[in-house]
Amino acid sequence: MTHRPVCLPADAPVSKAARLMRDQAIGDVLVTRDDRLCGLVTDRDIVVRAVAEARDADSTPLGALCTSDLVTARPDQDVEDVIRLMRERAVRRVPVVVDGRPVGIVSLGDMALESRPSSPLSEISGAPPNG
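The rules behind these values
Residues numbered from 1 in each chain as written. Predicted model: local features only at pLDDT ≥ 70, side-chain atom pairs only at ≥ 80, totals over all residues. Heavy atoms only, no water. Helix = DSSP H or I, 4+ residues; strand = E, 2+ residues; numbered from the N terminus. Patch = residues over 30% accessible without salt bridge, like charges linked within 9 Å, V, L, I, M, F, W, Y side chains within 5 Å. Areas by Shrake-Rupley, 256 points an atom, 1.4 Å probe, with all protein chains shown as cover. Salt bridge = Lys/Arg side-chain N within 4 Å of Asp/Glu carboxyl O. Buried < 20%, exposed > 50% of the residue type's maximum accessible area, 1.4 Å probe, protein only.

A.B. asks: Explain the environment of Asp69 to me, please; I cannot follow it from the model alone.
C.D. replies: Tracing the backbone through its elements, the reader meets Asp69 in the loop between α2 (43-51) and α3 (79-89). Separated by 29 residues in the primary sequence, Asp69 and Leu40 have C-alpha atoms spaced 9.0 Å apart.

So this is what it looks like as structure tokens:
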């Protein structure tokens, strides 16, 4: 699990999320409302739901783009259970929450590193990001 995930409020502009993703070499930002998780936006969401639709990145709020029907996990949840959820719901990222507040995020790569450390996906996930 990645601790201290990057979070932005739902009214933050898409451009702010894009800059954070670039600067921190990440592919997702958790979206909050009153410090509670309300969605997740990925770099692909920004391309497909903002850029391709010619939305203004400085005035479009994240809440308008983010996926809000999320699968979440608890910090103490069994790894195999989280993998099953990811498989069933076909998701690559699962926010980890406590009382509705995000405390981490688990990615498909994290799961590969944990359960199959010598797999090709683990090697790719463990490599430093491209420039």
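A.B. asks: How should a nonpolar patch on the surface be read in this particular structure?
C.D. replies: Taken together, the side chains of Met1, Val98 and Val103 present a nonpolar region at the surface, about 200 Å² in accessible area. Within the element layout of this structure, Met1 appears in the segment before β1 (2-3).

A.B. asks: Sorry, what's going on with the pattern of salt bridges here?
C.D. replies: Side chains that differ in charge, positive against negative, can pair when their charged atoms come close. Tallied over the entire structure, the rule returns seven salt bridges. Taking the shortest distance from any N to any O, the salt bridge between Asp28 and Arg93 comes out at 2.7 Å. With a gap of 65 residues between them, Asp28 in strand β3 (residues 28-33) and Arg93 in strand β5 (residues 93-98) connect regions that are remote in the sequence. The exposure class of Asp28 is buried, given its relative accessible area of 14%. Taking relative accessible area as the criterion, Arg93 reaches 25% and is therefore assigned partly exposed. With its nearest N and O atoms 2.4 Å apart, the salt bridge here joins Arg84 to Asp81. Placement of both Arg84 and Asp81 in helix α3 is noted, with a separation of three residues, approximately one turn of the helix. Exposure remark for Arg84: the relative accessible area of 36% places this residue in the partly exposed category.

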